[in-house]
Amino acid sequence: MSRALRRDPAWLVLALCAIGVLGVFLVLPLAGMIGKSFVGPDGQPSFGGYLRFFAEASYREVFFNTLILGLAVTATSMLVGGGLAVVVARCRFPLAGIVTALPLVTLVVPDVVVAAAWVLILGKQGLVNMALAPWGIELPSLYSWWGMVYVMTLNNYVYAFVAVLVGLKSMDRNLEEAALSLGRPIGRVLGGVTLPLLLPSLFAGALIVFTHVIGSFGVPAILGARTPVLAVKAYNEFVSEMGGNPQMQTTMASLLVLLGAGLLLVQKLVIEKRQFQMEAGRSPVVLAIHGWRAVLASGAVLGVVLLSLLPAVVVVVTAFTPSVGPVLRYGSFTLAHLQHALFRAPEPLYNSLFLASIATVAGVVFSVVSAYLIVKRRSWLTHVLDVLVMLPLTIAGTVLGIALINAFNSGWLVLTGSWVVMALAYFLRRMPTSVRAAAGPLHNLRDSIEEASMSLGVSPLRSFVRVVLPVIGPSVVAAAVLMWVTTLSELSATVVLYFGGMNTMPIEIFQQIDSGRLALACAYSLVLLLTIFIPLALARWIFKLRVGTIE
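What you see is a predicted model; the values in this text were computed from it and never measured.

Here is what the cut-offs are and how they apply
Residues numbered from 1 in each chain as written. Predicted model: local features only at pLDDT ≥ 70, side-chain atom pairs only at ≥ 80, totals over all residues. Heavy atoms only, no water. Helix = DSSP H or I, 4+ residues; strand = E, 2+ residues; numbered from the N terminus. Contact = heavy atoms within 4.5 Å. Areas by Shrake-Rupley, 256 points an atom, 1.4 Å probe, with all protein chains shown as cover. Axes fitted to C-alpha atoms, helices over the stretch in contact; angles between N-to-C directions. Parallel < 35°, antiparallel > 145°, perpendicular 65-115°, else oblique. Left-handed = near helix turned anticlockwise from the far one by under 90°. Nonpolar A, V, L, I, M, F, W, Y, C, P; charged D, E, K, R; others polar. Phe/Tyr/Trp six-rings, centres within 6.5 Å; stacked < 30°, edge-to-face > 60°. Buried < 20%, exposed > 50% of the residue type's maximum accessible area, 1.4 Å probe, protein only. pLDDT = per-residue confidence, 0-100. Salt bridge = Lys/Arg side-chain N within 4 Å of Asp/Glu carboxyl O. Patch = residues over 30% accessible without salt bridge, like charges linked within 9 Å, V, L, I, M, F, W, Y side chains within 5 Å. Expected span 1.5 Å × (residues − 1). Bend = angle between axes of the 7 residues up to and from the residue. Polar contact = N/O pair within 3.5 Å; in protein donor to acceptor, adjacent residues only side chain to side chain.

### A look at the overall build of the protein
Across its full length, the protein holds 24 helices and four strands. In the protein, the proportion of contacts linking residues at least 24 apart, taken out of those at least 6 apart, comes to 79%. For the protein, the exposed area adds up to about 25,100 Å²; of that, 67% sits on carbon and sulfur atoms.

### Digging into the packing of helix α4 (residues 57-90) against helix α8 (residues 145-169)
The geometry of a pair of packed helices is captured by two quantities: the angle between their axes and the separation between those axes. At a minimum axis distance of 5 Å, the contact between α4 and α8 shows a crossing angle of 45°. One element, α4, and the other, α8, form an angle in the oblique class. In the crossing of α4 with α8, the sense of the turn from one axis to the other is right-handed. In terms of residue class, the contact of α4 with α8 is built from 21 nonpolar, seven polar and one charged.

### What to know about the packing of aromatic side chains
For the coordinates displayed, the defined rule picks out 15 aromatic pairs. Ring centres of Phe-54 and Phe-63 lie 5.6 Å apart, and the angle between their planes is 75°; this geometry places the pair in the edge-to-face category. Arranged with centres 5.0 Å apart and planes meeting at 75°, the rings of Phe-354 and Trp-419 form a pair that is edge-to-face. With a gap of 65 residues between them, Phe-354 in helix α16 (residues 347-376) and Trp-419 in helix α19 (residues 419-443) connect regions that are remote in the sequence. Phe-354 gets classed as partly exposed once you look at its relative accessible area, which sits at 37%. Judged by relative accessible area, which is 35%, Trp-419 ranks as partly exposed. Among the aromatic residues, those joined into a cluster by ring pairs are Phe-53, Phe-54, Tyr-59, Phe-63 and Phe-64.

### A word on the confidence of the model for the protein
Taken as a whole, the protein shows an average pLDDT of 80; of its residues, 81% reach a score of 70 or greater. Across the protein, the element-wise mean pLDDT spans from 55 in helix α1 (residues 3-6) up to 91 in helix α15 (residues 336-344). Low confidence marks residues 547-551, where pLDDT is under 50. Its contacts with residues over four positions away, or in another chain, come to 19 contacts.

### Remarks on the packing of helix α3 (residues 48-55) against α4
Contact geometry of α3 with α4 gives a least axis separation of 5 Å together with a crossing angle of 85°. It follows that α3 is roughly perpendicular to α4 by the angle criterion. For the pair formed by α3 and α4, the contact residues are Arg-52, Phe-53, Phe-54 and Ala-55 on the first element and Ala-57, Tyr-59, Arg-60 and Phe-63 on the second. In terms of residue class, the contact of α3 with α4 is made up of six nonpolar, no polar and two charged.

### Structural notes on the pattern of salt bridges
Summed over the entire model, instances satisfying the criterion amount to four salt bridges. A salt bridge links Glu-490 to Arg-429, with the nearest nitrogen and oxygen atoms 3.3 Å apart. Within this pair, whereas Glu-490 is found in the loop between α21 (460-488) and α22 (494-497), its partner Arg-429 is found in helix α19, the two being separated by 61 residues in sequence. You'll find Glu-490 and Arg-429 in the same group, each marked buried. Glu-490 is paired through a salt bridge with Arg-430; the nearest N and O atoms lie 2.8 Å apart. With Glu-490 in the loop between α21 and α22 and Arg-430 in helix α19, this residue pair connects regions lying 60 residues apart in the sequence. Several salt bridges converge on common partners, so that one network encompasses Arg-429, Arg-430 and Glu-490.

### Regarding the environment of Ala-341
Relative to the helices and strands, Ala-341 resides in helix α15. For Ala-341, a relative accessible area of 1% gives the class buried. Between the C-alpha atoms of Ala-341 and Met-505, which are 164 residues apart in sequence, the distance is 9.8 Å. Residues in contact with Ala-341, not counting those within four places in the same chain, are Pro-346, Ala-523, Tyr-524 and Val-527.

### Here we look at a nonpolar patch on the surface
Taken together, Leu-307, Leu-309, Leu-310, Val-313 and Val-317 make up a surface patch of nonpolar side chains, about 350 Å² in accessible area. With respect to the helices and strands, Val-313 occurs in helix α14 (residues 291-319). Val-313 gets classed as partly exposed once you look at its relative accessible area, which sits at 48%.

### So, α8
The end-to-end C-alpha distance of α8 is 35 Å, a good match for the 36 Å that 25 residues give at a rise of 1.5 Å each. Maximal helix bending in α8 amounts to about 45°, located at Leu-154. Buried residues dominate α8, accounting for 19 of its 25 residues.

### Some remarks on α14
The end-to-end C-alpha separation of α14 is 41 Å, in line with the 42 Å expected for 29 residues at 1.5 Å each. A bend of about 35° at Leu-309 is the largest found in α14, and the proline Pro-311 appears one to four places after it. The complete set of buried residues in α14 reads Ala-294, Ala-297, Ser-298, Val-301, Val-304, Val-305, Ser-308, Pro-311, Val-314, Val-315, Thr-318 and Ala-319.

### Thoughts on the side chain of Asn-65
Within the secondary structure layout, Asn-65 lies in helix α4. Under the relative-accessibility criterion, Asn-65 is labelled buried at 8%. A polar atom in the side chain of Asn-65 sits 3.1 Å from the backbone oxygen of Pro-228. Residues contacting Asn-65, with those up to four places away along its chain left out, are Trp-145, Thr-227, Pro-228 and Val-229.

### A closer look at the side chain of Thr-486
Along the chain, Thr-486 turns up in helix α21. Thr-486 gets classed as buried once you look at its relative accessible area, which sits at 9%.

### Side note on the environment of Ser-308
Relative to the helices and strands, Ser-308 is located in helix α14. A residue is classified by how much of its surface remains accessible, and Ser-308, at 12% relative accessible area, is buried. Residues Ser-308 and Val-151 lie 157 residues apart in sequence; the distance between their C-alpha atoms is 9.9 Å. Reaching out from Ser-308, the side chain makes a polar contact with the side chain of Tyr-157 at a distance of 2.6 Å.

The following block contains the structure:
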């Protein structure tokens, strides 16, 4: 253990507590779930679950559907997001600045809301098909491969956009200029210099998109009835009225965990072999473009932004549209749906606010302490903590929910059927992002400032509170706001863990969509969006925060 921890017993205790929390509530449930996948119905060790999974055509189809969907959406997201990042990073043209709001829109609008909106737009009875009906034209069914790839690309391209944009802006232009000065054509410079430098960012963006897609529940559950994937199949096996096979539940969940962890390992090995050191502050020159090129670039940016915002616009309009069962009467106006969501059945809103608040408070405290330990108290112990903190990024929400239920359904600690296990899942799902947000400014804080405080006789913990915390305060607030609003939209873990009386807003929206009450689903969606965007607007105004945007 390093001297930094040995000389500060309080921080050593906190490091052990943080590892203990993640060990008990994350590692042990996952290990127990994977272990159960090797236990047969008779309680004896068995590979029967995996043998059956790859022997039966229905299970193999689910596995290959998941891989194909993940690869397809990753490819399209990298093309859209990466292409947009290249245009924005290397060119200056009208409307280029509006893309800074894309991460905010994509991160906080729930998947289930986006899927419901696109059903209203492109579904069989959607707005586009209704408009095309007089000409005898009907779009292909949205409940298909193309529908899932299309909607999930619009949900995930922003991760590729952010990763590639950051990589391009941090690139040293001296390397490209040197290659050009040697007479290399621009094509060979891009392929031989720019692309290799971007590979870490490309792999990082692709990994994030792929893990999000294979673990997604909301969009495949709504649009993929004919195309089952692992996350939805594991959930269906879990809630089967006929008492689904416990070994098959854990087998499918374990395969998702192993798939995500395997890809993370591959990405780490690839990136470690391609380490480049560049001079900071010499990013490539941004070129001003004019004429038809500027029109084309502005049109592309505007089109992507409009497609990203269109689901929210449709939700707002439909929330005020009268309906008779599934039939919507656009052109009329009613407040009945909002009155139902706010006054007749507001429990989902109260539950979401309560759980998000609990998870955020716990998550921010844990994240600040963990970030400080990882950055300022480096040791093998904090390295272990760093690995554990990032582990939830590779775990699907449904998988985490199944693991928590298996671990805490009986024994020394029973949490299943309580709000505690739901708040715990939210905490684990969103905590990694908060840790990274808090760690950012700590890298730029000189150790000498804190050491000066301690040299005056102030204890390490008090020095942290008085010196470190004020410096990272804005980032901590930003992390808290981001964790709170993204927790409000959590569906995949909730759908496994919720119980009677603890419906959250995403669960209520999902159930209303499943029942064909799209107008009421949009009313709940509108309330959820307002609950998300109002605090974001206040945070940006009061604390001058730039939550979810890129500058």
